[in-house]
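Chain by chain, the residues:
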Amino acid sequence: MQLLAARTTRHTRPRRRLRLTAATGAAVTAAVLLGGLLGAPAAGAAPDASAAGEVVPLAGTGARLGADGKTAAVHDYEAAIKESVWVDAPDFDGDGRGERIAVDIIRPAELDGVERVPVIMDASPYYACCGRGNESEKKTYDENGVIKSFPLWYDNWFVPRGYAVVQVDMAGTGRSTGCADQGGRSDILSAKAAVDWLNGNATASFADGAPADAYWTTGATGMIGKSYDGTLANGVAALGTEGLETIVPIGAISSWYDYDRWQGLPFSYGYPNYLSTYVAGGRHLSVDCSAQLERMRVDAADETGEHTAFWDERDYRDGTLGDASRVTASALIVHGLQDTNVDTQNATRWWEALGEHGVERKMFLTRLGHVDPFDSDREEWVDTLHRWFDHELLGVDNGITEEPAVRAEIAPGEVVHSDTWPVTDRVATLRPGADGTLALGARGRKGEAAWTNNPNGRLAQMLGSGAMDSRLLFTTGRLTDDLRLSGAASLTTTVTTGAPTGQLSVALVDYGPAPRVSASGDGARTLATETCWGAASAVDDACYREVERRIEQSDLQVLGRGWARLAGGGKHSLTVELQANDVLVPAGHQLGLIVTGYDGGTVRVDGAASAYRIDLAATRLNLPVAGPMRSFAPGASLVPGTVSATDAPSDARRIPLG
């Protein structure tokens, strides 16, 4: 086990670590600690620091390494210091007064004034309105307004191991001032202010007005969080924020346009206002944000679906507030491949953008929806995250960055690893025919195919067999080999319509019976049993309910969907990109392509029974694949007669909680 130098300064750029040694003469002879390092403890059991054997001190830190090479739980969680401070930030809401961002802290008492510690931060808009995690935990405070208990498991696990855990109320939420602005300047800069304070670049005070100094931290910060929380981490990283060493965005947004729209079609109207109002629920201050909400309503351009300056500000890959070229933090990106809340493009395009700029990165992909891996893959995830933070924030050379960069679950319980992503041999071209077939071929097939828009259509209605004038269905023969689809498929076509504003919806389907992770309920089921991860206290038992995959036998699976606005009547040549995926399609199955108008997945911009037709010669389905795909075998159609709504992805866009 090679050790790296502990960070003892508040700025650590460039991000190259120096080698560090353990304390002289120390030997790694500790037994594996309790607390789930190799397995989860029984329900009700919390890690006990006294169970640790001899451990190796990391010079310049308060951390100790156990026999497994990970930081050991040697600090007293019950005695940890808990503090609440307010960080000073600029005026984000235009009222002429600077903002005060509420920051709640828990850190090892034994290290106060002795050694400085790194920080694991979860900035969120949800601590007051909705709660965090699968059990919707909220912060609680004592009679003096000081933080009493923290949601989630990070404090229970990491504080005994020599970390501080910091939870930040985003501007406009909880105990912070200001107004939320759905991923814009206020949201991102309010979270950045907390990182700045930890690095000596901002001021803060306690509730009584006394100055608060972050003397206790190295300044090395890792931001983590699911959904909106992870989105804040992405945004702060895109600013090139000093002291931000790593981010762990889980089911997070990297472009709010990609969350709210798809090629000119909004998923709903008025969403930025709705979300910003929703997250302000339960806040401790009364603030009039009506002016900001009205400005967002106008600037979001719902009526056209355009990518305006409003969305440029909220694009962390290539935006006006921040972009991937400025990122200096490493990234461990986590996403569910069946996430229909935060579409997979938010993760995969972020992965690609960071790679283009040489950012150190890993990716953890599950066969689930909007689900935290702590819930779905608890033992594996705790181990992965523990080693990641040890490496990125304490400099432990544990080899995690030398392992394959990507972990992907391509079928229920079937996990593969790779150094790159997507994993493809080529882009296969499939051509639709007037007879409803879908065949390999470089050249297009002559003719046209037409349908009539159904203003009340739903994808589930269109997945079954039988004549249907509101959609086109093309299917291949039977696959002769297993096929891995890895990346984003797309449909290139020329479509003609007389609708003043038209819409095109596309779906790629795997037809064939198989056990699959359910398309409903994020594919997850919460159980009555619990496991405990980390140290407990009188106000926090560190125990969480277990979650299992909801695996069901089904006749089909939608592998990806895509949509596009058609501005004006006439002929439109375009490519519709589908949601990215990484999935194994078994031999013997058929691939299906559905092309239609309105399918319930976006807003309805064509409310009439408009006529549409595509030029088959100009139409091709582009599939990024790995594995043989030389031909298709004949066989009876596997398209079922009727399809349950639960077999189709949900069209409901929910608040991005978690």
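Residues numbered from 1 in each chain as written. Predicted model: local features only at pLDDT ≥ 70, side-chain atom pairs only at ≥ 80, totals over all residues. Heavy atoms only, no water.

**Q** Just to check I follow, could you spell out the layout of surface pockets for this structure?
**A** Any empty space left between atoms is shown by rolling a water-sized probe over those atoms. Quantified by volume, the second largest pocket comes out at close to 260 Å³. For the second largest pocket, the lining is made up of 15 residues, of which Asp-181, Arg-295, Met-296, Glu-313 and Arg-314 are closest to its centre. In terms of residues, the lining of the second largest pocket owes the most to one element, helix α6 (residues 290-299), which gives four residues. Of the residues in the lining of the second largest pocket, the class split is six nonpolar, two polar and seven charged. (1 Å grid on protein atoms, 1.4 Å probe; cavity = no way out; pocket = protein on both sides within 12 Å on 5 of 7 lines; lining within 4 Å. Points joined across faces, edges and corners; volume = space filled by probe spheres on them. Helix = DSSP H or I, 4+ residues; strand = E, 2+ residues; numbered from the N terminus. Nonpolar A, V, L, I, M, F, W, Y, C, P; charged D, E, K, R; others polar.)

**Q** For this particular structure, what's the right way to read the state of the cysteines?
**A** By definition, a disulfide is the covalent link that joins the sulfur atoms of two cysteine residues. In total, this model carries three disulfides according to the counting rule given. Two residues share a disulfide in this structure: Cys-129 and Cys-130, whose sulfurs sit 2.1 Å from each other. Here the S-S torsion is close to -90°, and the disulfide linking Cys-129 with Cys-130 is therefore left-handed. What makes Cys-130 buried here is its relative accessible area of 13%. A sulfur-sulfur separation of 2.1 Å characterises the disulfide bridge that pairs Cys-179 with Cys-289. Across the disulfide from Cys-179 to Cys-289, rotation about the S-S bond amounts to roughly -90°, and the bridge is consequently left-handed. (Disulfide = S-S within 2.5 Å. Buried < 20%, exposed > 50% of the residue type's maximum accessible area, 1.4 Å probe, protein only.)

**Q** Please explain the environment of Ala-580 as it appears in this structure.
**A** Note that Ala-580 resides in the loop between β32 (570-577) and β33 (581-585). Along the sequence, Ala-580 and Ser-290 sit 290 residues apart, while their C-alpha atoms lie 37 Å from each other. With residues up to four places along the chain from it excluded, the contact list for Ala-580 reads Thr-344, Gln-345, Thr-348, Trp-421, Gly-487 and Ala-488. (Contact = heavy atoms within 4.5 Å.)

**Q** Hey, could you run me through the sheet that holds strand β6 (residues 99-107) in this one?
**A** Paired through backbone hydrogen bonds, the strands of a sheet run either parallel or antiparallel to each other. As summarised here, the arrangement of the eleven strands in space is β11-β5-β6-β10-β7-β12-β13-β16-β17-β19-β20, forming an open sheet in which the pairing is mixed. Only two strands of the sheet have a single neighbouring strand rather than two, namely β11 (204-205) and β20 (414-418). Direction of pairing for strand β7 (residues 117-124) relative to strand β10 (residues 164-169): parallel, over a ladder of six bridges. Across the sheet, Met-121 pairs through a bridge with Val-166, a residue of β10. Strands in contact with helix α10 (residues 378-394) are β7, β12 (217-226), β13 (244-250), β16 (330-336), β17 (361-366) and β19 (406-411); relative to β13, the strand with the most contacts, it is inclined by about 160°. (Pairing = 2+ DSSP bridges. Axes fitted to C-alpha atoms, helices over the stretch in contact; angles between N-to-C directions.)

**Q** Can you help me understand unusual backbone geometry in this one?
**A** Trans peptide bonds make up the majority, and among non-glycine residues the majority have a negative phi. The peptide bond linking Trp-421 to Pro-422 adopts the cis configuration, its omega dihedral lying at 0°. Tracing the sequence through the fold places Pro-422 in the loop between β20 and β21 (426-432). Of note, Gln-263 is a non-glycine position whose phi angle comes to about 45°, a positive value. Positive phi values are uncommon outside glycine, yet Ala-301 reaches one of about 55°. Summarising the element assignment, Ala-301 is placed in the loop between α6 and α7 (309-313).

**Q** Explain the packing of helix α5 (residues 271-279) against α6 here, please?
**A** Put simply, α5 and α6 touch, their axes get as near as 8 Å, and they point 155° apart. Our classification of the angle between α5 and α6 gives roughly antiparallel. Contact residues: α5 offers Pro-272, Asn-273, Ser-276 and Thr-277, while α6 offers Leu-293, Glu-294, Met-296 and Arg-297. For the contact of α5 with α6, the class distribution of residues is three nonpolar, three polar and two charged. (Parallel < 35°, antiparallel > 145°, perpendicular 65-115°, else oblique.)

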